[in-house]
Amino acid sequence: MTVTRIGVGGTSTPYDVVVGNGILGELPALVGERAQRVAVIHPDTLEEKARPVCEILRTAGYDVFPLPVPDGEAAKDVSVAADLWARLGQAAFTRTDVIVGVGGGATTDLAGFVAATWLRGVRAILVPTTLLGMVDAAVGGKTGINTAEGKNLVGAFHPPAGVVCDLDTLPSLPREDYIGGLAEVIKAGFIADPVILDLVEADPEAATRPDGAHTRELIERAIAVKAEVVSADLRESGRREILNYGHTLGHAIERAENYTFRHGYAISIGMVFAAELARLDGRIDAALVARHRRILESVGLPVRYRADAWPALRDTIRVDKKTRGATLRFVVLDDVAAPAILAGPSDALLAQAYQAVSGVAPDAPDTD
Ligand SMILES: NC(=O)c1ccc[n+]([C@@H]2O[C@H](COP(=O)([O-])OP(=O)(O)OC[C@H]3O[C@@H](n4cnc5c(N)ncnc54)[C@H](O)[C@@H]3O)[C@@H](O)[C@H]2O)c1
Ligand SMILES: O=C(O)C(=O)C[C@@H](O)[C@H](O)[C@H](O)COP(=O)(O)O
Ligand SMILES: [Zn+2]
């Protein structure tokens, strides 16, 4: 199988997202000759994915420090970052040394954040092992951790020095996590690449499998969308906001669920909410909202959330990063591949859109 390299620019150090099978051998060249030590941050549950990375780097002559962290979202916590800072200090990690993050989006967000903050910035190389990590989290340099008040509230823009997407890691991913990653693939379709939507609609079942007929094309198209957007606007001063489609409500749902709800599942619901908002604002028709529900449901993603959660979700949305002062801002669509910002929707409009997502009037008890 061929190796694909998708370039990401917009920074003084452009890098490639490399996609292919059995491509961990790309790593030593990315780490480079100036580094002596390499820290390999990985979930403690994914030792078998970190081991070949460590072996390749040891064989290439580096001093390798495997640094296990808690699995999943539990890693995106300041206590975990502080523990890693301590371990880097104990290993006398210098500015020419390198951090490699191996795992899903939660792990690469943490590894990137630690790389951004250690000595005010050392190089990070990311090896995403989830679909979501490959098509979204590992690309573009957003790093961060959660706080009690909300998702990703502390972080830094710190582009990686390289991203290695070894497709051989995907078959072991639990099906639910694979489907979670499809939410970001479908998001890329709605905001920028209609062919993604066509491919999912043509065979939704195949889209849920790492060996599906169009899987590689879906992955590469979604990466290309992300690469184009972050190359144009690394620091989210404008265009990059479109990547937040579905995330305003989605992040609030994740917080309401104490970060036990898959990110992709939450943003799937969030995209339906954003579509309902756009319809109520007169931007899109009911058919496009229905297309959201149909595509997302066809791959097993949720499109509804409980009605009684609205007051808490409404409060959390206030600290969304796109909010300016008291003005809430949502990414919406004017059409497929025509994203826009809806600023300052009324409380009534928001509640009406949420009603369409919960299926129950906001004040009424949830009888589901
Ligand atoms: N920085 C960004 O631009 C960006 C973009 C999108 C999402 N994110 C973040 O990414 C996170 C979600 O990422 P995720 O969906 O990858 O979740 P995750 O990192 O929690 O991984 C999901 C689960 O899959 C397991 N896993 C990972 N790879 C595996 C493999 N190959 N085989 C078996 N199990 C495997 C993990 O151990 C974990 O239990 C969220 O924190 C979200 O905020 C960040
Ligand atoms: O890269 C971006 O920009 C995104 O918004 C991609 C999102 O899929 C991702 O979940 C991101 O972490 C959200 O960023 P945040 O700034 O809303 O925390
Ligand atoms: Zn996301």
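Because the structure is a prediction, the values reported are computed rather than measured.

Definitions and limits used
Residues numbered from 1 in each chain as written. Chains lettered and ligands numbered in written order. Predicted model: local features only at pLDDT ≥ 70, side-chain atom pairs only at ≥ 80, totals over all residues. Heavy atoms only, no water. Near = heavy atom within 4 Å. Polar contact = N/O pair within 3.5 Å; in protein donor to acceptor, adjacent residues only side chain to side chain. Areas by Shrake-Rupley, 256 points an atom, 1.4 Å probe, with all protein chains shown as cover. Helix = DSSP H or I, 4+ residues; strand = E, 2+ residues; numbered from the N terminus. Nonpolar A, V, L, I, M, F, W, Y, C, P; charged D, E, K, R; others polar. Domains from an automatic or database assignment. 1 Å grid on protein atoms, 1.4 Å probe; cavity = no way out; pocket = protein on both sides within 12 Å on 5 of 7 lines; lining within 4 Å. Points joined across faces, edges and corners; volume = space filled by probe spheres on them. Pairing = 2+ DSSP bridges. Axes fitted to C-alpha atoms, helices over the stretch in contact; angles between N-to-C directions. Buried < 20%, exposed > 50% of the residue type's maximum accessible area, 1.4 Å probe, protein only. UniProt positions renumbered as here; feature names shortened; annotations may be inferred. Contact = heavy atoms within 4.5 Å.

Colleague: Now, about the site of ligand 2: what can you tell me, with residues and values included?
Modeller: As a matter of local geometry, ligand 2 sits amid 14 residues, with Asp 136, Lys 142, Lys 226, Arg 240 and Lys 321 nearest to it. In this structure, an oxygen atom belonging to ligand 2 sits 2.9 Å away from a side-chain N or O atom of Asn 244. Within the side chain of His 247, an N or O atom sits 2.9 Å from an oxygen atom of ligand 2. If ligand 2 stood free it would expose 430 Å²; the protein chains cover 92% of that surface. Contributions of two or more residues to the shell around ligand 2 are made by α6 (175-191) and α10 (247-256). Taken together, the residues of the shell around ligand 2 sort by class into one nonpolar, five polar and eight charged. Residues lining the shell around ligand 2 come from more than one domain, with at least three contributed by each of domain 1 (4-173) and domain 2 (176-229 + 238-358).

Colleague: I'd like a rundown of the layout of surface pockets, residues and numbers included.
Modeller: In this structure, the second largest pocket spans a volume of roughly 380 Å³. Along its surface, the second largest pocket is lined by 22 residues, and Thr 13, Val 122, Arg 123, Ala 124 and Ala 161 are the ones closest to its centre. Its residues placed into classes, the lining of the second largest pocket shows 10 nonpolar, seven polar and five charged.

Colleague: Kindly report on the sheet that holds strand β3 (residues 37-43), identifying the contributing residues and their values.
Modeller: Pairing is mixed across the open sheet formed by seven strands, whose spatial order is β1-β2-β9-β6-β5-β3-β4. At either end of the open sheet lies a strand with only one pairing partner, and these are β1 (4-8) and β4 (63-69). Averaged over all pairs of adjacent strands, the angle between strand axes in this sheet comes to 20°, irrespective of strand direction. The pairing of strand β2 (residues 15-20) with strand β9 (residues 162-166) spans four bridges and is parallel.

Colleague: A description of the environment of Pro 171 should follow, citing residues and the corresponding values.
Modeller: For Pro 171, the position within the fold is in the loop between β9 and α6. Here Pro 171 falls in the exposed class, since its relative accessible area comes to 58%. Once the C-alpha coordinates of Pro 171 and Thr 130 are considered, the two residues, 41 residues apart in sequence, prove to be 9.6 Å apart.

Colleague: Go over the UniProt feature "binding site: Zn(2+)" in the chain with me, naming the residues and quoting the values.
Modeller: The UniProt entry lists Glu 184, His 247 and His 263 under the feature "binding site: Zn(2+)", expressed in the numbering used here. On the basis of their most widely separated C-alpha atoms, the annotated residues across 80 residues gather in one place, lying no more than 10.3 Å apart. Within the fold, Glu 184 resides in helix α6. Given a relative accessible area of 4%, Glu 184 falls into the buried group. Sequence-distant contacts of Glu 184, that is, excluding residues within four places in its chain, are made with Leu 132, Val 135, Asp 136, His 247, His 263 and Ile 267. Mapped onto the elements, His 247 comes out in helix α10. Excluding residues that lie within four positions of it along the chain, His 247 makes contacts with Glu 184, Lys 187, His 263 and Ile 267.

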